[in-house]
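# Commentary on secondary and tertiary structure
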Amino acid sequence: MGFANSIVGVVLRSPAHRLLSGSTDLLAYDGRRSGRRIVLPTQYARSVDDIVILVGRPDTKRWWHNFAEPWDVDVLVAGEWRTMVGEAVVGADDPETAAPLLASYLARFPKAAKVLGDGTETERLALAVLVRCRPR
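Residues numbered from 1 in each chain as written. Predicted model: local features only at pLDDT ≥ 70, side-chain atom pairs only at ≥ 80, totals over all residues. Heavy atoms only, no water.

## A short note on the pattern of salt bridges
Counting across every chain of the model gives four salt bridges. Measuring nitrogen to oxygen at the nearest pair gives 3.3 Å for the salt bridge that ties D72 to R136. Taken together, the positions of D72 in strand 5 (residues 71–77) and R136 in the segment after strand 7 (129–135) put the pair 64 residues apart, joining distant regions of the chain. D72 gets classed as partly exposed once you look at its relative accessible area, which sits at 43%. Put simply, D30, R37 and D74 are held in one network by salt bridges that share partners. (Salt bridge = Lys/Arg side-chain N within 4 Å of Asp/Glu carboxyl O. Helix = DSSP H or I, 4+ residues; strand = E, 2+ residues; numbered from the N terminus. Buried < 20%, exposed > 50% of the residue type's maximum accessible area, 1.4 Å probe, protein only.)

## Quick notes on the sheet that holds strand 3 (residues 45–47)
An order of 2-1-5-6-7-4-3 is seen for the seven strands of this open sheet, with the pairing classed as antiparallel. In the strand order of this sheet, the two ends are held by strand 2 (37–43) and strand 3, each with one partner. When the angles between neighbouring strand axes are averaged without regard to direction, this sheet yields 35 degrees. One ladder, built from three bridges, connects strand 3 with strand 4 (residues 50–54); its direction is antiparallel. Each residue of the ladder has a partner; that of S47, found in strand 4, is D50. Where helix 2 (residues 95–108) meets the sheet, it contacts strand 2, strand 3, strand 4, strand 6 (80–90) and strand 7, and its direction lies at approximately 135 degrees from that of strand 3. (Pairing = 2+ DSSP bridges. Axes fitted to C-alpha atoms, helices over the stretch in contact; angles between N-to-C directions. Contact = heavy atoms within 4.5 Å.)

This is the structure:
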């Protein structure tokens, strides 16, 4: 974890987590190939019992590939660790599943739509990569 991410992690694990925990969580999982424990903060939205994460610039990030198939993940939300299963949902591959997840995320963070470009809703959905974390 980089320095800024480390600071965010310290705050999220502390009694001061309320400063960030309304929009930021911590994911902790074992890398699929490396087996290393990875901990990183992400911006999240809730969709019923699920945690939804929009991967910004997914072509420049690798972490979400760990969730190409369902994969165990612990998620720190609002000061509480939750045992979950994460799975990547690629809008171009599974628009029916991705659409409501993206809608939940954009309802919480409308400005995040700009990372998906200025195209139509269908074009933006095709660019979306989300990680859905479900209770285990």
